[in-house]
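Summary of structural features
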Amino acid sequence: MRVLLVGAGGVGTAVTRIAARRPFFDLMVVADYDAARAEAAVAAVGDDRFRAERVDAGDEAAVAALLARHDCDVLLNATDPRFVMPLFRAARKAGASYLDMAMSLSRPHPERPYEECGVKLGDEQFALAGEWAEAGALALVGMGVEPGLSDVFARYAADELFDEIEEIGIRDGANLTVDGYDFAPSFSIWTTIEECLNPPVVYEKGRGWFTTAPFSEPEVFDFPDGIGPVECVNVEHEEVLLVPRWVDARRVTFKYGLGREFIETLKTLHLLGLDRTTPVTVPGADGPVAVSPRDVVAASLPDPATLGERMRGKTCAGTWVRGVKDGRPREVYLYHVVDNEWSMAEYGCQAVVWQTALNPVVALELLATGGWSGSGVLGPEAFPARPFLDLLTEYGSPWGLREQ
């Protein structure tokens, strides 16, 4: 397998460090708009299977040419969601498979944003599913940790743990702290703003997808491995758009353990208009400059990839499932916990970006070895879960199951 990895930020760098320990690929080209960042990621692994390149992720022709020049079989997208569609189209143009960890962006309903869906996450990609299927090509979308591993858990629950499923609820929580910062998100603030301030989507069988208000339906969820109770709220996320396509469940939700202070900070950014992506004009040394307020916020905060040495605690991604097995009610939580101290010591990567990066590497290996195969635009739920979970354990990062 020959891979083009686009994006050498925190997650992309973690991908290289995880993949370097595995034999399933022959070449991984690491490409980024910042050539120095790509070169640093390659230099750190010290493996001649890796090569650095510069590319603009928004330039479809340049990405397609890079895929062709290196004869790459697959494009792994480790950029933020703004670049999903150009990279998705570039892979199709070049005849390569495609993997991402976040799907094409949503747009709220223009009149009823907190009741009805507008353009949903992934709609632009699924609109082209027929083209991919007709070509016999695969686009594996939403293959990070959430979405990604959480979706694999949903498929596993449906196949092996339940006869009927009432509800699948993704529940994400952590007890991470960052020394020296009052506010320092452990993941891309650009993506965090997007998913937390957009109208959350809920799925109900018979009703389909609908929206609610941001941060609605708070609940306290008790996370495993010492993390403990965390208040979780509704947040827009891909699992709600993916799971019902392949798994039969009466209700699907996503709730994120953000914490009251984090929620209030995001609300303030929204109140001030600092979550907007449309550029505003501000004075500059050489005259007026057009700049996106959200980009200013992101530039003002520390790069999450650099926070590992200051971070303490654990992060947990998981899927809570309620239903019936053998005529009896059953409720389980399938989960994956990463301790930041361990991920820093073992890989030099902070826990959140490492946990995100791990899963697409596992998926790439399954595709390379034939453990997974398919064509069209498919989510993780479209594939058997057991090979993935077995390989995840082989990578030295086992998952857990707790009866509720």
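Located above this text is the structure these notes cover.
Residues numbered from 1 in each chain as written. Predicted model: local features only at pLDDT ≥ 70, side-chain atom pairs only at ≥ 80, totals over all residues. Heavy atoms only, no water.

1. Comments concerning the packing of helix α3 (residues 60-69) against helix α4 (residues 84-94)
In contact at an axis separation of 8 Å, α3 and α4 are set at 45° when each is read in the N-to-C sense. Relative to α4, the element α3 is oriented oblique. Every pair of crossing elements has a handedness; the one defined by α3 and α4 is right-handed. Packed against α3, whose contacting residues are Glu60, Val63, Ala64 and Leu67, the element α4 presents Pro86, Leu87, Arg89, Ala90, Ala91, Lys93 and Ala94 at the interface. Of the residues contributing to the contact of α3 with α4, the split by class is 8 nonpolar, no polar and 3 charged. (Axes fitted to C-alpha atoms, helices over the stretch in contact; angles between N-to-C directions. Helix = DSSP H or I, 4+ residues; strand = E, 2+ residues; numbered from the N terminus. Parallel < 35°, antiparallel > 145°, perpendicular 65-115°, else oblique. Left-handed = near helix turned anticlockwise from the far one by under 90°. Contact = heavy atoms within 4.5 Å. Nonpolar A, V, L, I, M, F, W, Y, C, P; charged D, E, K, R; others polar.)

2. Brief notes about the pairing of strand β10 (residues 208-211)
Of the pairings in the sheet, the one linking strand β9 (residues 201-204) to β10 comprises 4 bridges and is antiparallel in character. Residue pairing in the sheet places Glu204 in a bridge with Gly208 of β10. Adjacent in sequence and paired antiparallel, β9 and β10 are bridged by 3 residues, among which Gly206 carries a positive phi angle near 95°. (Pairing = 2+ DSSP bridges.)

3. Focus: the packing of aromatic side chains
Evaluated as defined, the whole model comprises 19 aromatic pairs. With centroids separated by 5.8 Å and ring planes inclined at 15°, the aromatic side chains of Tyr333 and Tyr335 adopt a geometry described as stacked. The class for Tyr333 is buried, based on a relative accessible area of 0%. Classification of Tyr335 by relative accessible area gives buried; the value is 15%. The ring of Tyr347 is capped by Arg21, whose NZ or CZ atom sits 3.9 Å from the centre of that ring. In this structure, Arg207 packs its charged tip against the face of Phe210, placed 3.5 Å from the ring centre. (Phe/Tyr/Trp six-rings, centres within 6.5 Å; stacked < 30°, edge-to-face > 60°. Buried < 20%, exposed > 50% of the residue type's maximum accessible area, 1.4 Å probe, protein only. Lys NZ or Arg CZ within 6 Å of the ring centre and 35° of its normal.)

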